[in-house]
Amino acid sequence: MTTPAAPISRVIRFLSEGQVYLGEEPANKSDREAEVLEGDIHQGLTRTGTTRPVERNLAPLIPREILCIGLNYMKHFEEATKGQIPLPDKPTVFMKSLSSLNDPESPVWMPQLEHGQSLDYEVELAFVIGKICKNVKKEDALKYVLGYMVSNDVTSRHWQKNAGAGQWVKGKSFDTFSPMGPSLVMASAIPDPQALKVTTRVNGETRQDSNTKDMIFTVAEIIEWLSTDMTLHPGTVVMTGTPEGVAMGMDPPKWLQVGDVVECEVESLGTLRNFVTTPPL
Amino acid sequence: MTSRPISRVIRFMSKGKVYLGEEPKKGARAAEVLQGHIFGQLSKTGEVRHIDRVLSPLVPREIYCIGLNYMKHYMESAKGRGIELPEKPAVFMKSIGSLNDPESPVWMPQLEHGQSLDYEVELAFVIGKICKNVKKEDALKYVLGYMVSNDVTSRHWQKNAGAGQWVKGKSFDTFSPMGPSLVMASAIPDPQALKVTTRVNGETRQDSNTKDMIFTVAEIIEWLSTDMTLHPGTVVMTGTPEGVAAGMAVPRWLKPGDLVECEIEKLGTLRNFVMTPSHL
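The present account deals with the structure reproduced in this document. (Residues numbered from 1 in each chain as written. Chains lettered and ligands numbered in written order. Predicted model: local features only at pLDDT ≥ 70, side-chain atom pairs only at ≥ 80, totals over all residues. Heavy atoms only, no water.)

**Quick look at the pattern of salt bridges**
The test is simple: Any Lys or Arg side-chain nitrogen located within 4 Å of an Asp or Glu carboxyl oxygen qualifies as a salt bridge. A run of H or I in DSSP becomes a helix once it reaches four residues, and a run of E becomes a strand once it reaches two; helices and strands are each numbered from the N terminus. With a 1.4 Å probe rolled over the protein chains alone, any residue whose accessible area is under 20% of its type maximum counts as buried; one over 50% counts as exposed, and the rest are partly exposed.
Per the stated rule, a full pass over the model turns up 35 salt bridges over all chains. When the shortest N-O distance is used, the salt bridge between B:Lys44 and B:Glu22 registers 2.7 Å. Highlighted residues: B:Lys44 in strand S4 (residues 42-50) and B:Glu22 in strand S2 (residues 17-22), separated in sequence by 22 residues. The residues B:Lys44 and B:Glu22 share a single accessibility class, namely buried. It is possible to trace a salt-bridge network through shared partners that takes in A:Lys96, A:Asp120, A:Glu122, A:Asp153, A:Arg157 and A:Lys172.

Encoded structure:
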């Protein structure tokens, strides 16, 4: 039994008997009950001493918005652009639609439109802004991070490249394309976000296997750039880029197929699992 | 109490509180307060309050934008840089943090190369009902209403912020003013027949018509909703015509002190002025 003063460092959002709760992630994988937490992730959470069965894990929060950084691992930059564009000197920023938000253990829907089948995975370390900030210097940046999560920047490669004027948004914003979780790990439990192994497995086969130490721009540098002349508000989720090993980089590409299980894992944060299906009609 | 339909809605501040109201006649400084929600029922209360400040008509759930949607604007901006005419509407997004109000300052970005500041008058619409995989023949019924918007842009950062992604250069604080009112869809039977203009310090810079849009509002909804749910409160800016500063042989960028007026027939005039930000 934990003492009341034990800090809460791993938060889940879950469904139990038709209601949504915040809870502390159970310590053991086989534990299917969580201690309910009162409050909210920004104002403060307190333990209630009561537990509820975790029927379904949801994304740890509903983001205010989802910002993403592209081309942030050198070997991924090389596999993706094949020398066609210069290495960006600032983090490459784009966004994913809120409609694409998805939960752990939930289906990723294969897009049904023409050319919708070049489906790809991208394991990404994601962080959540905890305090409003602007024009932050990288030396101070990490104190604005509330916590970290695993995320998967699911992408339809054809539409990423061909949706008009080279803008990536549409190809990355289809419904179910932004799973995140399974928990939000508070920043105090992750003193160094630049020392975490990141891996993806598809049907048990390792596809991506890297480390956040290979990020071109660190979490702190990303916050410095994003917050330049632009306020970052609490609840903003930032996906920080993916390493090499995506399907697109293979010859021939091994696109995701209906029935595939995708596991994105980040050291200290856990494993985010999703499976590919056709959408309901 | 009359049951005249409410077709022009404003969101405004009065003595420190925020209200919805019916847009008054030009020059009037008080509005009848409305009760309810723009996505549900709105009813008149009979109470009139002084308008201290007009706000954006809503706080969007998120902001989508369509680029390169007027042929002459495509020619003045993208064609010369080797960008192909899109076969589908070119979709991007602007950060919610960039939301701005009518009559409010647009802040000149202070970072290096932040001075290529440009205006873009755009017809914006608001989704009123959740929808997905909509066919264009049915699309307009999902529109709640229309507003004037200005897709303010820092041209250097639009092009140079990495991998050609436009988001950063269009998402600085204050870069998405919209308003002054939300005009309900029933009052705008044909969104493809509206004059759109921009004036800077009284001088006309953009002067076109939504009939020149490459993709119509209905076609935009069809494409945006393809395999992607559109939720109520989603704002979509539908592109800008020719006449932006970037399209001039010698660009006449916006400067602190400039007054920008974006006007759309039947929707009104959205006014903002450029300033350096006060907090450094």
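**As for the pairing of strand S3 (residues 30-36) of chain B**
Looking down a regular strand, the side chains alternate between one sheet face and the other. Residue and element names in this part refer to chain B. The condition is simple: Note on pairing: DSSP must find at least two bridges between two strands before they are called paired.
Bridge analysis of S2 against S3 gives three bridges, and the strand direction is antiparallel. Counterpart to Gly21 in the pairing with S3 is Val33. The pairing of S3 with S4 spans six bridges and is classified as antiparallel. The residue of S4 that forms the bridge with Ala31 is Arg49.

**Structural notes on the sheet that holds strand S19 (residues 268-275) of chain B**
Residues and elements named next belong to chain B. Rules: Helix axes are fitted to C-alpha atoms over the stretch in contact, other axes to C-alpha atoms as well, and angles between N-to-C directions run from 0 to 180 degrees.
The five strands lie next to each other as S9-S19-S18-S15-S16, forming an open sheet whose pairing is mixed. The open sheet terminates on both sides in strands that have one partner only, identified here as strand S9 (105-107) and strand S16 (203-209). For this sheet, the mean angle separating the axes of adjacent strands, direction not counted, is 20°. Relative to strand S18 (residues 259-264), strand S15 (residues 195-200) is paired through five bridges, and the arrangement is antiparallel. Note that in S18 the partner of Val200 across the bridge is Val260.

**Observations concerning the interface of chain B and chain A**
Selection criterion: Pairs of residues are marked as contacts when any of their non-hydrogen atoms sit within 4.5 Å. Note on terms: buried area is the combined drop in 1.4 Å-probe accessible area of two parts once they are placed together, counting the loss on both. Within 3.5 Å is the distance limit for a polar contact, defined as a pair of N or O atoms, with the added protein rule that one can donate a hydrogen and the other accept it, and that residues adjacent in sequence qualify only through two side-chain atoms.
In this assembly, 42 residues from chain B lie in contact with 40 residues from chain A. Carbon and sulfur atoms make up 57% of the surface buried where chain B meets chain A, a total of about 3,400 Å² over both sides. Broken down residue by residue, the surface that chain B buries against chain A is led by B:Gln165, B:Lys168 and B:Asp227, which jointly contribute 20%. At the junction of chain B with chain A, the criterion picks out four salt bridges. Note that B:Glu112 and A:Lys90 form a salt bridge whose closest N and O atoms lie 3.6 Å from each other. Run the count over chain B and chain A and you get 26 residue pairs in polar contact (both at pLDDT 80 or more). Of all the elements in the fold, those that place two or more residues in the side of chain B that touches chain A are strand S6 (62-67), strand S7 (90-94), helix H3 (167-170) and helix H4 (217-224) of chain B. Residue contributions to the side of chain B that touches chain A peak at five residues, all from S7(B).

**Some details on the sheet that holds strand S18 (residues 261-266) of chain A**
All names here are of chain A. Spatial strand order, S9-S19-S18-S15-S16: five strands in an open sheet with mixed pairing. Either end of the sheet is taken by a strand with one partner, and the two such strands are strand S9 (106-109) and strand S16 (205-211). When strand polarity is set aside, the average angle formed by the axes of neighbouring strands in this sheet is 25°.

**Some details on the environment of A:Pro191**
Residue and element names in this part refer to chain A. Inspection of the secondary structure puts Pro191 in the loop between strand S14 (178-186) and strand S15 (197-202). Among the residues examined, Pro191 registers a relative accessible area of 71% and is labelled exposed. Taking the C-alpha atoms as reference points, Pro191 and Leu142, 49 residues apart in sequence, are found 9.2 Å from one another.

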